[in-house]
Amino acid sequence: MNRSTIDLWVGVFVVAGVAGLLFLALKVGNLASFSTSQTYQVQAKFANIGGLKVRGPVKSAGVVVGRVTDIRFDNETYEAIVTINLGAEYQFPRDTTAKILTSGILGEQYVGLEAGGDGVMLKNGDRLRLTQSAVVLENLISQFLFNKAAEGKPEAKEPAK
Amino acid sequence: MRVADVRARLERLGAGVTTHVLRLGFASRFLGYLVMHSGTALKRFRLTTAEIYFAGVLSLIIILVSGMFVGMVLALQGYETLQRFGASESLGVLVALSLVRELGPVVAGLLFASRAGSAITAEIGLMKATEQLSAMEMMAVDPIARVVAPRFWGGVLSMPLLAALFSAMGIFGGYVVGVQLIGVDAGAFWSQMQAAVDVRNDILNGVIKSVVFGIAVTWIAVFEGYDAPPTAEGVSGATTRTVVTSSLAILFLDFILTALMFTGGTHQ
């Protein structure tokens, strides 16, 4: 085989390999959606964050408006402090509610924002006052069972009389 | 009689272990010497280019076709299971993560070992058996720098590219079966994949895996070839050993790397 033919094929191979890597990084991974645009940071305290993870999405009306950048534990109030980066193009009123929601039944958890009615907008470093914790399945079930048991008691006693 | 029997067996076991440890030591020394004397292979890059052609370009067909079929099978099997939980939209995530993290580097490595590794061993082994290597030494040409190093670097450079192509082709195969044939929503397929696949945690780690496998496979291949007994039988034995050893090395290293990369991270 000719030298230059070999070089040509090796060149094609390297280009194809790099193209494959780029395809993986841009189309399969989320490098393209890494926003380098302006963001601002707000914090929210939750009694329970459930399975929320760093880099989880922050959605409002179902649209991704930011990402969770940090999750810490507050030693004084025994609550979780979640730091959120919001895109600068998304402005929210100061009394916005942050909830921890789940996409689908077994899906990942995300922070849902519900805009309030305040005229003053959130600034960098603000804290969201109104939060709602994640729903813990076990608590939900135990509540349900307690309710059932409370309902069932008088009925259960009746046939014994 | 019995005691002597046991003793002989123990001696054979000990000899076997010693031989293997000795060979491992020689192989490490060989790798060190090889890297130290890679100047020629990198300066006269044409030598390495030719080896990239033999190890990489000629492996393209088998890598692309296998990648395609692996992706297609993943999509079929994954859909069967995911659909039971009503999560068939996650098909893209399943296909992409299994390929990028595991199957891409591992299967591409196994194919590379049997397609290119065995060829490298056979070539170097035959060169040794026909005394071409000794002839080079007579002419004051270092056979390791002239023959072994270009093959080593050619393999090491080819392997990550082949693994990336394998993964990309597999994802394309998964797309063809999942979206075009089964009818999973194309938007959900890609967007869930993009949301779940992390560039640093998944793709970069997959690339690191393929680099490690490339070094391991090519190292084993050139060493077995260089160390092969200079007979027809010796070369055939060395070729077999290359495939067996590198397959085991890939699976073993994969376990170690996965344990290091994907556990205890902040991401998962």
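Structural data are supplied above this passage.
Residues numbered from 1 in each chain as written. Chains lettered and ligands numbered in written order. Predicted model: local features only at pLDDT ≥ 70, side-chain atom pairs only at ≥ 80, totals over all residues.

A.B. asks: So what's going on with the overall build of chain A? Which residues, and what values?
C.D. replies: When helices and strands are tallied, chain A shows 2 helices and 8 strands. The helix and strand sequence of chain A, counted from the amino end, reads α-β-β-β-β-β-β-β-β-α. Across the 161 residues of chain A, 19% fall into the buried class. Within chain A, counting contacts between residues at least 6 apart in sequence, those at least 24 apart form 63% of the total. (Helix = DSSP H or I, 4+ residues; strand = E, 2+ residues; numbered from the N terminus. Buried ≥ 20, exposed ≤ 12 C-beta atoms within 10 Å, placed from the backbone. Contact = placed C-beta atoms within 7 Å.)

A.B. asks: Can you tell me about the overall build of chain B, naming the residues and giving the values?
C.D. replies: Of the regular secondary structure elements, chain B holds 10 helices and 0 strands. Going from N to C terminus, chain B has its helices and strands arranged as α-α-α-α-α-α-α-α-α-α. A principal-axis box enclosing the C-alpha atoms of chain B has dimensions of 65 × 60 × 35 Å. The proportion of buried residues among the 268 residues of chain B is 46%. For chain B, contacts bridging at least 24 residues in sequence account for 86% of all contacts bridging at least 6.

A.B. asks: Outline the sheet that holds strand β4 (residues 79-87) of chain A, listing residues and values.
C.D. replies: All names here are of chain A. With mixed pairing, the 8 strands of this open sheet are ordered in space as β7-β1-β4-β3-β2-β6-β5-β8. Among the strands making up the open sheet, the edge pair consists of β7 (126-128) and β8 (130-132). Between one strand axis and the next, the sheet turns through 30° on average, direction left out of account. Pairing of strand β5 (residues 97-102) with β8, which is carried by 3 bridges, proceeds in the parallel orientation. Directly across from K99, in β8, lies its bridge partner Q132. (Pairing = 2+ DSSP bridges. Axes fitted to C-alpha atoms, helices over the stretch in contact; angles between N-to-C directions.)

A.B. asks: How would you summarise the pairing of strand β6 (residues 109-114) of chain A if you had to cite specific residues and measurements?
C.D. replies: Residue and element names in this part refer to chain A. Where strand β2 (residues 57-60) meets β6, 2 bridges bridge the pair, whose relative direction is parallel. Of the residues in β6, the one forming a bridge with V58 is V111. Judged from the 6 bridges that link them, β5 and β6 form a sheet pairing that is antiparallel. In the strand pairing of β6, T97 is matched with E114.

A.B. asks: Please set out the nonpolar core residue by residue, giving values where relevant.
C.D. replies: Grouped together as the largest cluster of nonpolar side chains are 78 residues, with contacts concentrated most on A96, V148, L162, L165, V217 and V222 of chain B. Element by element, the count of residues in this core is highest for helix α7 (residues 143-182) of chain B, at 21 residues. In this structure, V222 of chain B is in contact with I120, I124, V148, R151 and F152 of chain B, ignoring residues within four places of it in sequence. Grouped together as the second largest cluster of nonpolar side chains are 19 residues, V42, A98, I100 and V111 of chain A included. (Core = buried A, V, L, I, M, F, W, Y, C linked by C-beta atoms within 7 Å.)

A.B. asks: Could you give an account of the packing of helix α1 (residues 3-28) of chain A against helix α3 (residues 45-55) of chain B, with specific residues and numbers?
C.D. replies: Angle between the axes and distance between the axes are the two parameters that describe a pair of packed helices. One way to put it is that α1 of chain A packs onto α3 of chain B with a least axis distance of 9 Å and a crossing angle of 65°. For the crossing formed where α1 of chain A meets α3 of chain B, the hand is left-handed. Facing α1 of chain A, whose interface residues are I6, D7, W9, V10 and F13 of chain A, α3 of chain B presents T49, A50, I52 and Y53 of chain B. When the residues that make up the contact of α1 of chain A with α3 of chain B are grouped by side-chain class, the tally is 7 nonpolar, 1 polar and 1 charged. (Left-handed = near helix turned anticlockwise from the far one by under 90°. Nonpolar A, V, L, I, M, F, W, Y, C, P; charged D, E, K, R; others polar.)

A.B. asks: A description of the pairing of strand β3 (residues 63-74) of chain A should follow, citing residues and the corresponding values.
C.D. replies: Residues and elements named next belong to chain A. Pairing between β2 and β3: 4 bridges, direction antiparallel. Within β3, the position partnered with S60 by the bridge is V63. A loop of 2 residues connects β2 with β3, the two strands running antiparallel in sequence, and A61 in this loop sits at a positive phi of about 55°. Once β3 ends, the chain turns through 4 residues before running back antiparallel as β4, passing Y78 with a positive phi of about 55°.

A.B. asks: Which residues make up helix α1 (residues 2-36) of chain B, and what values go with them?
C.D. replies: Between its first and last C-alpha atoms α1 of chain B spans 51 Å; for 35 residues at 1.5 Å apiece the expected length is 51 Å, and the two agree. The buried fraction of α1 of chain B is low, at 1 of 35 residues. (Expected span 1.5 Å × (residues − 1).)

A.B. asks: An account of the interface of chain B and chain A is requested, with residue identities and associated values reported.
C.D. replies: On the chain A side, the residues contacting the 24 residues of chain B number 19 residues. Put simply, the parts of the chain that give the side of chain B that touches chain A at least two residues each are α3, α5 (91-129), α7, α8 (186-196) and α9 (199-227) of chain B. When residues of the side of chain B that touches chain A are assigned to their parent elements, the largest contribution, 6 residues, is made by α7 of chain B.

A.B. asks: Quick rundown of the environment of L157 of chain B? Include the residues and the values.
C.D. replies: Residue and element names in this part refer to chain B. Counting through the fold element by element, L157 comes out in helix α7. C-beta crowding within 10 Å serves as the criterion here: with 22 such atoms nearby, L157 is assigned to the buried category. Distance from L157 to T48, taken between C-alpha atoms, is 9.4 Å for residues 109 residues apart in sequence.

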